[in-house]
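Working through the structure, step by step
One letter stands for each residue in the lines below.
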Amino acid sequence: MLHRSLRLFAILLTFGAILSFLPGQEKRLPERISDQTYRVSVDLVNVLCSVFDKKTNSFVTNLTRDDFLIYEDNQPQEIRNFSRETDLPLTIAMLVDTSGSVTPKLKFEQEAAIAFFQSVMREKDRAMLVKFDSGVSMLQDFTNDPNKLADKIKKLKTGGGTTLYDAIYVTCDEKLIRETGRKAIIILSDGDDMSSRATLEQATEMALRAETTVFAVSISKGGFFGVGDKSEGDSILKEIANATGGRIFFPFKVEELDEAFRQISQELRSQYSLGYVSNNPGKRGEYRKIEIKVQEKDLKLSYRKGYYAPTS
């Protein structure tokens, strides 16, 4: 009897995970599927850090452990692990906005998404495709075949409202939090959210818990549409990207995407990995602020600005 009950529970849990990736399904937030299936207490805090030259905006990849200082809640931490891995496999989730507000720019989005996978993916990389409008749908699970992703992208059609926060939340909660290595979300959107049940804060928290870097490609100016001032949506995309250690790009047309994608690819493969064991032994699940410094003043850094402590 116990065996049957456990089996039924597993089936229901799997079915629930599938439903939350279908359009228009109710999701109860902020309860997390990852809380039920992925409770791991990890003492080592790993932070990926990109370093740029302020004058040239080029990547700086020749620093050593001694060049870095790391703080948690303003308290200095000892760097236990340090590496400059430049060619690690990537795990990527592409989130494409198909809401009604982006209908005039859908072709721009499709061309952008296909160009990204064709220019960035290598044999060891894996990527998935998610679309969001009035709901969130996973169109392609993880694959290393860019042609499979391109086929799904070509069939995209626009729908109703916008659930950007839900798309980030569900993708991190159900997929990325279980992955290891270097993980990234690439968002193609104008950043406007009209119908999510999750909040901006909840979406950002889930991205941090999944240790995922968010890169946003704004389409508010794409395809020769919306050439006025930056929208509120751009500010939202920038906020999520900055919090997770990513960046936002503002291509005006498809031809300008090559440089943006080249930078994303190079950045993901050229980050420093800093690992430390927090000198705060508490396990209450609270947010802890991270700050990284280098001695050289002509350098700028990009890294996630904090993490959530484990719970006992």
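Criteria and cut-off values
- Residues numbered from 1 in each chain as written.
- Predicted model: local features only at pLDDT ≥ 70, side-chain atom pairs only at ≥ 80, totals over all residues.
- Heavy atoms only, no water.
- Phe/Tyr/Trp six-rings, centres within 6.5 Å; stacked < 30°, edge-to-face > 60°.
- Buried < 20%, exposed > 50% of the residue type's maximum accessible area, 1.4 Å probe, protein only.
- Lys NZ or Arg CZ within 6 Å of the ring centre and 35° of its normal.
- Helix = DSSP H or I, 4+ residues; strand = E, 2+ residues; numbered from the N terminus.
- Contact = heavy atoms within 4.5 Å.
- Polar contact = N/O pair within 3.5 Å; in protein donor to acceptor, adjacent residues only side chain to side chain.
- Salt bridge = Lys/Arg side-chain N within 4 Å of Asp/Glu carboxyl O.
- 1 Å grid on protein atoms, 1.4 Å probe; cavity = no way out; pocket = protein on both sides within 12 Å on 5 of 7 lines; lining within 4 Å.
- Points joined across faces, edges and corners; volume = space filled by probe spheres on them.
- Nonpolar A, V, L, I, M, F, W, Y, C, P; charged D, E, K, R; others polar.
- Pairing = 2+ DSSP bridges.
- Patch = residues over 30% accessible without salt bridge, like charges linked within 9 Å, V, L, I, M, F, W, Y side chains within 5 Å.
- Areas by Shrake-Rupley, 256 points an atom, 1.4 Å probe, with all protein chains shown as cover.
- Lys, Arg positive; Asp, Glu negative; His and termini not counted.
- Charge placed at Lys NZ, Arg CZ, Asp CG, Glu CD.
- Axes fitted to C-alpha atoms, helices over the stretch in contact; angles between N-to-C directions.
- Parallel < 35°, antiparallel > 145°, perpendicular 65-115°, else oblique.

**So, the packing of aromatic side chains**
- One pass over the structure, following the stated rule, counts six aromatic pairs.
- Here phenylalanine 52 and phenylalanine 59 contribute two aromatic rings whose centre-to-centre distance is 5.0 Å and whose plane-to-plane angle is 40°, an arrangement assigned as tilted. Judged on exposure class, the residue phenylalanine 52 and its partner phenylalanine 59 are both buried.
- Among the aromatic residues, those joined into a ring-pair cluster are Phe68, Phe82 and Tyr272.
- Positioned above the aromatic ring of tyrosine 303, the side-chain terminus of lysine 305 is 4.8 Å from the ring centre.

**Notes on the environment of lysine 300**
- Looking at the element boundaries, lysine 300 is found in strand S13 (residues 299–303).
- C-alpha of lysine 300 to C-alpha of aspartate 53: the two residues are 247 residues apart in sequence and 6.5 Å apart in space.
- Setting aside residues no more than four positions away along its own chain, lysine 300 makes contact with Ser50, Val51, Phe52, Lys54 and Asn57.
- In this structure the side chain of lysine 300 is engaged in a polar contact, spanning 3.0 Å, whose partner is the side chain of asparagine 57.

**Describing the pattern of salt bridges**
- Within this structure, the stated rule accounts for 11 salt bridges.
- Arginine 126 is the salt-bridge partner of glutamate 179, the closest N and O atoms lying 2.9 Å from each other. Of this pair, glutamate 179 sits in the loop between helix H5 (164–174) and strand S8 (182–189) while arginine 126 sits in strand S6 (residues 126–132), and the two are 53 residues apart along the sequence.
- Its relative accessible area of 19% is what places glutamate 179 among the buried residues.
- In this structure arginine 126 comes out as partly exposed when scored by relative accessible area, which is 31%.
- With a shortest N-O distance of 3.8 Å, lysine 131 and aspartate 133 are connected by a salt bridge.

**A short note on empty space enclosed by the protein**
- Considering all chains together, one arrives at one cavity of 30 Å³ or more under this definition.
- Estimated volume of the largest cavity: approximately 30 Å³.
- In terms of lining, the largest cavity is formed by Ser50, Val51, Phe59, Val60, Thr61, Glu267, Ser270 and Gln271.
- Split by residue class, the lining of the largest cavity holds three nonpolar, four polar and one charged.

**Let's talk about the pairing of strand S11 (residues 272–277)**
- For S11, the tally of buried residues reaches five of six residues, placing the bulk of the element in the interior.
- Two elements, strand S4 (residues 79–83) and S11, share four bridges in a ladder whose sense is antiparallel. Residue phenylalanine 82 lies in a different strand from S11, and its bridge partner there is leucine 274.

**What about a negative patch on the surface?**
- Taken together, the side chains of Glu111, Glu255, Glu256 and Asp258 present a region of like negative charge at the surface.
- Take glutamate 256: it is sitting in the loop between strand S10 (248–249) and helix H8 (257–268).

**Examining the side chain of lysine 105**
- Positionally, lysine 105 belongs in the loop between strand S5 (90–97) and helix H3 (106–120).
- Engagement of the side chain of lysine 105 in a polar contact is seen with the backbone oxygen of isoleucine 219, the distance being 3.2 Å.

**Observations regarding the sheet that holds strand S7 (residues 136–143)**
- Spatially, six strands are ordered S7-S6-S5-S8-S9-S10 in an open sheet, and the strand pairing comes out mixed. The open sheet has two edge strands with one neighbour each: S7 and S10.
- Here H3 sits on the sheet in contact with S5, S6 and S8, set at roughly 175° to S5.
- Strand contacts of helix H4 (residues 146–154): S6 and S7, with the helix running at about 160° to S7, the strand carrying the most contacts.

**Notes on the packing of H3 against H4**
- Running from amino to carboxyl end, H3 crosses H4 at an angle of 175°, the nearest separation of the two axes being 9 Å. Compared by their axis directions, H3 and H4 come out roughly antiparallel. On H4, the residues that touch Gln110, Ala113, Ile114 and Phe117 of H3 are Pro146, Leu149, Ala150, Ile153 and Lys154.
- Here the residues of the contact of H3 with H4 are counted per class, giving seven nonpolar, one polar and one charged.

**Some thoughts on unusual backbone geometry**
- Despite not being glycine, asparagine 57 shows a phi value in the positive range, around 65°.
- With respect to the helices, strands and loops of the structure, asparagine 57 is situated in the loop between strand S1 (44–53) and strand S2 (68–72).

**Let's talk about H5**
- The buried fraction of H5 is high, at 11 of 11 residues.
- Turning to H5, its buried residues are Leu164, Tyr165, Asp166, Ala167, Ile168, Tyr169, Val170, Thr171, Cys172, Asp173 and Glu174.

Honestly, it's all geometry; don't read function into it.
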